[in-house]
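Each chain, written out:
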Amino acid sequence: MIKEIFEHRSIRKYQDKPIPAEVMKSILEAAIRASNTGNMQVYSIVVTTNKEIKEALSPAHFNQPMVKQAPVILTFCADFNRFNKWCRARNAEPGYDNFLSFLTGAIDAIIAAQNACLEAEAHGLGICYLGTAIYNADKIIEVLNLPKGVVPVTAVTLGYPADIPELTDRLPMEAVIHYETYQDFSEASIDRIYAEKEARDDSKQFVKENNKETLAQVFTDIRYSKANNEHFSKVLFDVLKKQGYITD
Ligand SMILES: Cc1cc2nc3c(=O)[nH]c(=O)nc-3n(C[C@H](O)[C@H](O)[C@H](O)COP(=O)(O)O)c2cc1C
């Protein structure tokens, strides 16, 4: 297991080879063994293998090619639907129509997703998360027929790798780890932490092909722009209203 963690890379090209049923079973079992809030298991996983449904999901994932190519797409959802139904059937009044409950379900769903990914990788499969699941949650709700209380928070493509890319870089430990209390960053420590990333050939290429001055600008102006973040935040708030997690 530890070995797989250190060899992780996202896989975006897959062989045309199905995942054996017993492997899928152990991936899903690993997912549901994850820690979860109060052992309520307020999440669900939609397993998509059907070609037509993958095609219908594809635009919601901005037509990223691996959505149609991977043999399996797992969509992980925050889900109080089942739990609310159980409560109501047992004379218990659920109080889960609020933002905290969405976040609770979302956290549980994400932890389950990572368990599934690790088990998949231990079986020689490749995975790639799809952040588009949350950007276009409204469209995914439609395609997967998700009832009130169910909100997709991430999706993962699964399959045997057709191409194994190089390991990607990570920032040094001091970027992420703080001992005892938070040590805020000085300008000098920011320079030190990002120096290696900025000096990489692929980073320089990224800056050049996007006509930017700095790598940070590629993130702020292109990959994760304010306008997009605000737009998709609004879409998500509307979804959370529709699915019963926030009120006006
Ligand atoms: C929540 C989340 C959403 C992601 N969304 C996408 C995505 O939509 N498309 C994609 O190609 N990769 C996506 N990724 C993969 C990241 O780009 C990748 O993990 C990161 O660049 C580090 O590379 P590595 O996984 O190969 O180590 C996502 C990862 C996470 C955790």
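Calculation notes
- Residues numbered from 1 in each chain as written.
- Predicted model: local features only at pLDDT ≥ 70, side-chain atom pairs only at ≥ 80, totals over all residues.
- Heavy atoms only, no water.
- Helix = DSSP H or I, 4+ residues; strand = E, 2+ residues; numbered from the N terminus.
- Rg over C-alpha atoms; globule rule 2.2 N^0.38 Å.
- Contact = heavy atoms within 4.5 Å.
- Areas by Shrake-Rupley, 256 points an atom, 1.4 Å probe, with all protein chains shown as cover.
- Lys, Arg positive; Asp, Glu negative; His and termini not counted.
- Charge placed at Lys NZ, Arg CZ, Asp CG, Glu CD.
- Phe/Tyr/Trp six-rings, centres within 6.5 Å; stacked < 30°, edge-to-face > 60°.
- Buried < 20%, exposed > 50% of the residue type's maximum accessible area, 1.4 Å probe, protein only.
- Core = buried A, V, L, I, M, F, W, Y, C linked by side-chain atoms within 4.5 Å.
- Patch = residues over 30% accessible without salt bridge, like charges linked within 9 Å, V, L, I, M, F, W, Y side chains within 5 Å.
- Salt bridge = Lys/Arg side-chain N within 4 Å of Asp/Glu carboxyl O.
- 1 Å grid on protein atoms, 1.4 Å probe; cavity = no way out; pocket = protein on both sides within 12 Å on 5 of 7 lines; lining within 4 Å.
- Points joined across faces, edges and corners; volume = space filled by probe spheres on them.
- Nonpolar A, V, L, I, M, F, W, Y, C, P; charged D, E, K, R; others polar.
- Axes fitted to C-alpha atoms, helices over the stretch in contact; angles between N-to-C directions.
- Parallel < 35°, antiparallel > 145°, perpendicular 65-115°, else oblique.

Student: Help me understand the overall build of the protein in this model?
Tutor: Assigned secondary structure in the protein consists of 12 helices and 4 strands. Relative to its length of 248 residues, the protein is compact, with a C-alpha radius of gyration of 20 Å against a globular reference of 18 Å. C-alpha extents for the protein along the principal axes are approximately 60 × 45 × 35 Å. Taking as baseline every contact in the protein between residues at least 6 positions apart, the subset at least 24 positions apart corresponds to 77%. Surface summary for the protein: the accessible area is close to 14900 Å², and the carbon and sulfur share equals 54%. Averaged over its 28 positive side-chain charges, the protein has a centre that lies 6 Å from the centre of its 33 negative ones.

Student: Just checking my understanding: could you explain the packing of aromatic side chains for this structure?
Tutor: Pairs of aromatic rings are described using the distance from one ring centre to the other and the angle between the two planes. Applying the stated criterion to the full structure yields 12 aromatic pairs. Centroid distance Tyr 135 to Phe 232: 4.7 Å. Interplanar angle 15 degrees. Geometry classified as stacked. Separated by 97 residues along the polypeptide, Tyr 135 in helix H7 (residues 132-135) and Phe 232 in helix H12 (residues 226-242) bring together distant segments of the chain. When its relative accessible area of 26% is taken as the criterion, Tyr 135 is described as partly exposed. By relative accessible area, Phe 232 is classed as buried at 16%. One aromatic cluster in this structure is built from Phe 80, Phe 83, Trp 86, Tyr 96, Phe 99, Phe 102 and Tyr 245.

Student: Which parts of the structure should I look at to understand the nonpolar core?
Tutor: For soluble globular proteins, nonpolar side chains are generally found buried alongside one another. By size, the foremost hydrophobic cluster in this structure holds 55 residues, and its most contacted members are Ile 19, Ile 27, Leu 74, Phe 102 and Leu 158. In terms of residue count, the dominant contributor to this core is helix H6 (residues 99-122) (8 residues). If near-sequence neighbours (up to four positions away) are discounted, Ile 27 is found in contact with Leu 74, Ala 116, Glu 119, Ala 120, Leu 125 and Leu 158.

Student: Any chance you could explain a nonpolar patch on the surface here in plain terms?
Tutor: A contiguous nonpolar patch, built from Phe 99, Leu 103, Ile 107 and Ile 111 and spanning about 320 Å² of accessible area, is present on the exposed surface. Relative accessible area serves as the criterion here: at 36%, Leu 103 is assigned to the partly exposed category.

Student: Any chance you could explain the layout of surface pockets here in plain terms?
Tutor: Of the pockets and cavities examined, the largest pocket occupies roughly 1200 Å³. Taken together, 34 residues line the largest pocket, and the ones lying closest to its centre are Arg 12, Thr 168, Phe 219, Arg 223 and Tyr 224. Here the lining of the largest pocket gets 4 residues from one element, more than from any other, and that element is helix H11 (residues 215-223). In the lining of the largest pocket, the residues fall into 14 nonpolar, 9 polar and 11 charged.

Student: What is the right way to read the packing of helix H9 (residues 187-199) against helix H10 (residues 201-209) from this model?
Tutor: What describes two packed helices is the angle between their axes and the distance between those same axes. At a closest axis distance of 5 Å, the pairing of H9 and H10 adopts a crossing angle of 75 degrees. Comparing their axes, H10 and H9 come out roughly perpendicular. Counted together, Lys 197, Glu 198 and Ala 199 of H9 and Asp 201, Ser 203 and Lys 204 of H10 form the full contact between these two elements. Grouping the constituent residues of the contact of H9 with H10 by class yields 1 nonpolar, 1 polar and 4 charged.

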